[in-house]
Amino acid sequence: MKTVSFTALLLAAAAPALAVAPSLVTAQASAAPEAVQAGTYKVESNHTLAQFAVNHFGFNDFFGTIPGATGSLSLDPKALAATTLDVSLPVARIATTNDTLDEELRSADWFDAATYPTIRFVSRKVEQTGLRTARISGTVTLHGVTKPMVLDATFGGAGVNPMNKAYTIGFSATGTLKRSEFGVSKYVPAVSDDVQVRITAAFEKTS
């Protein structure tokens, strides 16, 4: 009976992944910002995530996330000022590391997901600030209140997604808001009024 080495078994098991790996590597996003395809895009929800952070009693910063974003982006790199962005986040999907806290944040004491189910950002003005960066001025509607908000965005990359073949572009962005201005003031200032927002977003071209 022929003996098969453990190494040979590992290589055999890994063969399908190794066969796919080169195509995944060569398909990675690499487009320069000016080469991005103009058009209309939709949020790719599975790879888009918003993170928020507040200071907890002066001890440390505490983070939470909101997945499940939806929305659209109209973009032409040759006319960046005409860019439009409209993105919504589902309040019911707020998540931290604490199930009890998650329920509290969704309750009427905080974000009141039942009454105000979404947080929505709509752009009003886009200004290029660098080769791969832009400032997006717009409005955010949270807890039934609409206020100005600015996002500092950085272009990540663009190209064809090797898994689903969709032309995809990616960005990251940061911003700050005061939650008390939206009527979410519980524990201010012990839990900070300023909320730091970080976003990583992917968009797939639809037209």
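Structure: above.
Below you will find a few notes about this structure.

What counts, and at which threshold
- Residues numbered from 1 in each chain as written.
- Predicted model: local features only at pLDDT ≥ 70, side-chain atom pairs only at ≥ 80, totals over all residues.
- Heavy atoms only, no water.
- Pairing = 2+ DSSP bridges.
- Helix = DSSP H or I, 4+ residues; strand = E, 2+ residues; numbered from the N terminus.
- Core = buried A, V, L, I, M, F, W, Y, C linked by side-chain atoms within 4.5 Å.
- Buried < 20%, exposed > 50% of the residue type's maximum accessible area, 1.4 Å probe, protein only.
- Contact = heavy atoms within 4.5 Å.
- Polar contact = N/O pair within 3.5 Å; in protein donor to acceptor, adjacent residues only side chain to side chain.
- Lys, Arg positive; Asp, Glu negative; His and termini not counted.
- Salt bridge = Lys/Arg side-chain N within 4 Å of Asp/Glu carboxyl O.

1. Quick look at the pairing of strand S1 (residues 39-43)
And then number 1: Two elements, S1 and strand S4 (residues 70-75), share 4 bridges in a ladder whose sense is antiparallel. By the bridge assignment for S4, Gly39 is matched with Leu75.
And then number 2: Taken together, the 3 bridges between S1 and strand S10 (residues 194-205) define a ladder with antiparallel strand orientation. Following the sheet pairing, Lys42 is matched in S10 by Glu204.

2. Things to note about the nonpolar core
And then number 1: Formed by 43 residues in total, the largest nonpolar core has its most connected members in Val36, Phe111, Ile169 and Phe203.
And then number 2: Examining the composition of this core, we find that 5 residues originate from one element, strand S8 (residues 145-160), more than from any other.
And then number 3: Aside from chain neighbours lying at most four places away, what touches Phe203 is Tyr41, Lys42, Val43, Glu44, Leu73, Leu85, Val87, Tyr167, Thr168, Ile169 and Phe171.

3. A closer look at the pairing of strand S2 (residues 49-56)
And then number 1: The pairing of S2 with S10 spans 5 bridges and is classified as antiparallel. Along S10, the bridge assignment pairs Ala50 with Ile199.
And then number 2: As defined by bridge partners, S2 adjoins strand S3 (residues 60-66) across 7 bridges and the pair is classed as antiparallel. Paired with Gln51 across the two strands is Thr65, which belongs to S3.

4. Regarding the environment of Thr48
And then number 1: By the element assignment, Thr48 lies in the loop between S1 and S2.
And then number 2: Its relative accessible area of 7% is what places Thr48 among the buried residues.
And then number 3: What Thr48 contacts, discounting residues up to four positions off in sequence, is Val43, Pro67, Gly68, Ala69, Thr200, Ala201 and Ala202.
And then number 4: Here the side chain of Thr48 touches Glu44 through a polar contact of 2.9 Å, landing on its backbone oxygen.
And then number 5: Only 3.0 Å separates the side chain of Thr48 from the backbone nitrogen of Ala202, close enough to count as a polar contact.

5. What about the side chain of Ser88?
And then number 1: Here Ser88 shows up in strand S5 (residues 84-90).
And then number 2: On the basis of relative accessibility, which here comes to 16%, the residue Ser88 falls in the buried class.
And then number 3: Excluding residues that lie within four positions of it along the chain, Ser88 makes contacts with Ala69, Thr70, Thr118, Ile119 and Arg120.

6. Points about the side chain of Glu204
And then number 1: Along the chain, Glu204 turns up in strand S10.
And then number 2: Of the side chains bearing the opposite charge, Lys42 lies closest to the buried Glu204, which forms no salt bridge; the N-O distance is 4.5 Å.
And then number 3: Those residues in contact with Glu204, other than ones at most four positions away along the chain, are Thr40, Tyr41, Lys42, Glu44, Asn164, Ala166, Tyr167 and Thr168.

7. Digging into the pattern of salt bridges
And then number 1: Under the defined criterion, the tally for this structure stands at 7 salt bridges.
And then number 2: With a closest N to O distance of 3.7 Å, Glu104 and Lys186 form a salt bridge. On the criterion of sequence distance, the pair formed by Glu104 in helix H2 (residues 99-106) and Lys186 in the loop between strand S9 (167-178) and S10 is long-range, its members being 82 residues apart.
And then number 3: Taking the relative accessible area as the measure of exposure, Glu104 reaches 25% and is therefore partly exposed.
And then number 4: Taking relative accessible area as the criterion, Lys186 reaches 25% and is therefore assigned partly exposed.
And then number 5: Because the salt bridges share partners, they merge into one network encompassing Glu104, Asp109 and Lys186.

Remember that the coordinates give geometry; whether it matters functionally is a separate question.
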